[in-house]
Structure formats: structure tokens, C-alpha cells
Amino acid sequence: MHAETRQTTLDARQREDLMRDLAAALPAEGLLHTVEDMRPYECDGLAAYRRLPMAVALPETLEQAQAVLHLCREAKVPVVARGAGTGLSGGALPLENGLILSLARFNQILEVDVENRCAVVQPGVRNLAITEAASPHGLYYAPDPSSQIACTIGGNVAENSGGVHCLKYGLTVHNVIGLKFLNMDGDLITLGGKTLDAPGYDLLALMTGSEGMLGVMVEVTVRLLPKPDRAQVLLASFDQIDDAGHAVAAIIGAGIIAAGLEMMDNPAIRAAEDFVHAGYPVDAAAVLLCELDGSNAEVSEQILKVRELLLAHKATAVLTAETDEQRDRFWAGRKAAFPAVGRISPDYYCMDGTIPRKHLATVLNRIGTLGEAYGLRVANVFHAGDGNLHPLILFDANNEGELEKAEELGGEILELCVEVGGTITGEHGVGVEKLNQMCVQFSAEELTQFHAIKAAFDPEGLLNPGKAVPTLHRCAEFGAMHVHQGKLPFPDLPRF
């Protein structure tokens, strides 16, 4: 059993009627339908995939959003919810016969509850704005994606975003305690709240990372944490990638849970240093950024222990940020790595997979070998502490066939992640990008269960259809192609 998509293609009269009703339900200039007005919504951060929707709705109130969903439900028109559009997996890619429902105007911080250490926000609030609002109270919001100055909390929930501090403080799913969302009928459903726990199924976790397929987020309650007394960063350089990978394992193995533990290889180091001038050693094969936070005594003790471990694993140099400004500069290089790489290549394709930490060195070397086989350079930037890789595949879309080569290489990297016991995504989601690799990671029975969950929340399949969970027919075609090419590396996986 799987969700049946019952969307329809409207004729000219039906479309005219729907546009009239939507315009009546929305504020002035709240409905966009010309090509020029809709062009900014044709893609998200995965710009290789572009498509114009039928229209874009920009509601300002809950009632307006409910009316939009109700009208689309009646007309059997699919709806794709959208935040800031910073996602990297095509999760907000429009449908030509569908509506984009933008939550950009839901941008209010409704409450900062200091006593209960939480904040209630609308989905269009920027990630960084939560910490800015909480900061005067000595609090902050821990998940910090690299795009935090622009990405919105609704999109963070949809994709279960992470960031450089996710090793110690968790992903979005670990920091959201309440949600309000609309189903396709426009009904408002509340999950969780300010309490520590709630009875029944963990629907909060189900909704977090559901990529807009189960409901439209309209309010989020997030956990706030007290600012640590002290936070300090170590920057270690290595002549061998393997040594950096082993150092990561040693730090975790010693029982030290760093606030952030990030790794970059040489191409990423050079790009970031040229862009930000963070003080990175440009001749290093790899660098590790290790942030420790807590009480003064705790950080002092851990700084010495981590430095000892880094040097024991062949770090050629270890720098300690002596001021907050130097700490911010070290992190600025890491957080600017994606745009920095964009300065050295006409295009790049950002992957997102997760592996067991013990395989870091092996997988990085395999990625290098795969890149050579495809004739494409790869810069690696990733959350080493939790094994979340972000290989950046450099290519030039102006050269015929290079985009397709980059996509093929990206697919092989994701399948490599599965091969060593990892997953095809850590925080970017599946969207349209990783549908084929879902067929590699999950069995037909598991995918059938995913479709059943979708059908329970969205019986007519109108919320972000065609994303995240592939059909069994698609998996059958992908499996047959892999077998034909001799590429399917997992003998224990089902042949669809």
C-alpha cells in the first residue's frame, strides 16, 4: 500500500477560478503568477533543478494559510511549502501544476520564555535570529547550519538541519519540543509544547525531517540553552588525511564530547583561506577545528588533553584561539567554505552523507579515487565528530555532460556511505536529489511503510509529492540499471 497521488491538471476555466479564489483569500500582492514574479521560486539551493510553479501564495496569517490549503485540496492541486529556499536537495522544487506556499511572512518570534528556556517562533524566523533574541537573557539556540544567517526554522525542521555544534548539542530534532502544523485540509494540529515529554507516539520526531510531505509547519517551540562560561577552539593541521581521521576517533574515544569537531581537506582549506583569511595553514593536507565549551576548569582540562591527543596523532601544529575574535575567525572559514569553493569553480555539487567515524580516512581516500576516475575535483568539508560528510564536487555546467558526471559521482559517494554502514543524508534531506540512493539504503518493505505513513497524514498525496520516498517502480528501474552496469556493491540488498 502506498499513498495515491490524486492531483489533477486544471483546465483554463478551473485555473482561472482557483486564482480568483486564492487572490480573495490572500492579502494584496499575496499571490504571484507571472513568470517574472515566480522566477525566484523556481528552485532552492540545488539550482541544477529548476521549474516554475502554477502560482506562489504568500499568506500573512494562519487563517489565510488554512484557506489556501483548503482551496488546493478541493481543486486537487499539489502544494509545496517553502521557507528561505536555502535547502540543498531540491526539497522545495515546485511542480508545474502545483502551488508554492511560502511561509516567508510568518517571521515573528512570538515568545522567549526565559524561565522554561524555550522560544516560540513562526517558521519564517531565521535560525540566527533566535539566538539574537535569546542572547540578552544569557541563552542561545544550539543548531547552527552554515546558512544560519538566512535559513529559516521551518526549513530546519523540515530537513532536520544540524550545524557545527551538532556533535554535542544535537540536530534540530533534539532541540524542538513543540510544533503546530496544518494538514492538507487546513486543520491545525499541535504536537508537544513546553513540557519535557508527551505521551503516545513520538510524532515530533516523525515530523522533524519529513520534508513537507506530512504537513505545513506554522509554529515551532525550540529549546534554548544557557551560554557556556567559556568556549575555546583548537586548530590542528595534518600532513596526512588519515592522521586527521584517526585524531577524530581518538578524541571521541577518550570520552571528550567537543562542542564542534570539524574537518577540511586541502582544496577546502585553500578556498576558505583565500576568501576569509581565517589563518588556516594552506599547505596542510587537512585541518581539524575542535571547540570545547563548559566551565573554565572543564575547558582548561580538556584543552590540554585534546592538544596531547592531536600531537600524538601526528598533528604538525596546534593553534589555540586566544580571543573571541580569533575563535570567530576560525569558525568563519569553516562556515564560509561553501561560498568560498564557489569562487574557484564555475559550479559545485554539494553532497551530504553520514558514515561511522572509524571509516573517515578510508572514505575520504575512496572519494579521492572516485574523483580521479571521473576527472572531477572534490573539496571535502564535514562534521567529523558525527561523521557527516559534505563533499563538494567541482564542475562546469557549460561543458556538456559535466553536470551528469557530477551527479553520478555524487551518487557513488552516497552509495559508498551506505556500504560502510552509514546513511545517504545527515542534514540536507532527500528531496529529489537522493531518490535513487533511497533505493540502495532501504528495502522494498521499508519503502512501502514510508508510503503508508505518508498516506495516513496526506491520503491524496498533495503535500510535496514526488519527494523523499521513491516509488517501488523507480527502485526497480534503478536496481536493474545498477545490476546491468555491474555497480551494485551490496550483495545483501534486494534486487528490485
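Look above for the structure.
Let us look at the structure shown here. (Residues numbered from 1 in each chain as written. Predicted model: local features only at pLDDT ≥ 70, side-chain atom pairs only at ≥ 80, totals over all residues. Heavy atoms only, no water.)

### A closer look at the pairing of strand S18 (residues 378–383)
- The buried count for S18 comes to six of six residues, which makes it a mostly enclosed element.
- Across the two faces of S18 the burial is the same, with Val378, Asn380 and Phe382 and Ala379, Val381 and His383 all buried.
- Sheet analysis places strand S13 (residues 260–265) next to S18, joined by two bridges and oriented antiparallel. Residue pairing across strands places Met263 opposite Phe382, the latter belonging to S18.
- Relative to strand S19 (residues 388–395), S18 runs antiparallel, the two sharing six bridges. Within S19, the residue paired with Phe382 across the bridge is Leu389.
- Hairpin connection from S18 to S19: four residues lie between these consecutive antiparallel strands, with Gly387 at a positive phi of about 75°. (Buried < 20%, exposed > 50% of the residue type's maximum accessible area, 1.4 Å probe, protein only. Helix = DSSP H or I, 4+ residues; strand = E, 2+ residues; numbered from the N terminus. Pairing = 2+ DSSP bridges.)

### Here's the deal with the packing of aromatic side chains
- Under the criterion given, the structure shown has two aromatic pairs.
- Judged by centre distance (6.3 Å) and plane angle (85°), the rings of Tyr140 and Tyr169 are edge-to-face. Highlighted residues: Tyr140 in strand S7 (residues 139–140) and Tyr169 in helix H6 (residues 166–169), separated in sequence by 29 residues. (Phe/Tyr/Trp six-rings, centres within 6.5 Å; stacked < 30°, edge-to-face > 60°.)

### Things to note about a nonpolar patch on the surface
- On the surface, Tyr201, Leu203 and Leu206 cluster together into a nonpolar patch covering about 320 Å² of accessible area.
- Relative to the elements of secondary structure, Leu203 occurs in helix H7 (residues 203–207). (Patch = residues over 30% accessible without salt bridge, like charges linked within 9 Å, V, L, I, M, F, W, Y side chains within 5 Å. Areas by Shrake-Rupley, 256 points an atom, 1.4 Å probe, with all protein chains shown as cover. Salt bridge = Lys/Arg side-chain N within 4 Å of Asp/Glu carboxyl O.)

### Let's talk about helix H8 (residues 241–253)
- The end-to-end C-alpha distance of H8 is 19 Å, a good match for the 18 Å that 13 residues give at a rise of 1.5 Å each.
- Residues Asp243, Ala244, Gly245, Ala247, Val248, Ala250, Ile251 and Ile252 constitute the buried set of H8.
- If you follow the buried residues of H8, they end up packed against H6, strand S12 (230–238), S13, strand S14 (286–294), helix H10 (296–312) and helix H13 (360–374).
- Trailing H8 by a residue or two, Gly255 shows a phi angle of about 80°, which is positive. (Expected span 1.5 Å × (residues − 1). Contact = heavy atoms within 4.5 Å.)

### Observations concerning the sheet that holds strand S10 (residues 216–223)
- One open sheet holds the five strands; their spatial order is S5-S6-S10-S8-S9, and the pairing between them is antiparallel. Of all the strands in the sheet, the pair left with one neighbour each is strand S5 (109–113) and strand S9 (188–192). On average, each strand axis in the sheet is tilted by 10° relative to the strand beside it, whichever way the strands run.
- Where strand S8 (residues 176–182) lies against S9, five bridges are found, and the strand directions are antiparallel. By the bridge assignment, Leu179 is partnered in S9 with Leu191. (Axes fitted to C-alpha atoms, helices over the stretch in contact; angles between N-to-C directions.)

### Description of the environment of Gly426
- Within the fold, Gly426 resides in the loop between helix H14 (402–419) and helix H15 (435–441).
- For Gly426, a relative accessible area of 22% gives the class partly exposed.
- When the C-alpha atoms of Gly426 and Ser146 are compared, they prove to be 14 Å apart, with 280 residues separating the residues in sequence.

### Here's the deal with the sheet that holds strand S1 (residues 31–32)
- Judged by pairing direction, the sheet is mixed, and its four strands sit side by side in the order S1-S2-S4-S3 without closing on themselves. Each edge of the open sheet carries a strand with a single partner, namely S1 and strand S3 (79–82).
- Bridge count for S1 against strand S2 (residues 55–57) is two bridges, and the pairing is antiparallel. Bridged to Leu32 within S2 is Val56.
- The strands that helix H3 (residues 62–75) touches are S2, S3 and strand S4 (99–102); relative to S4, the one it contacts most, it runs at about 165°.

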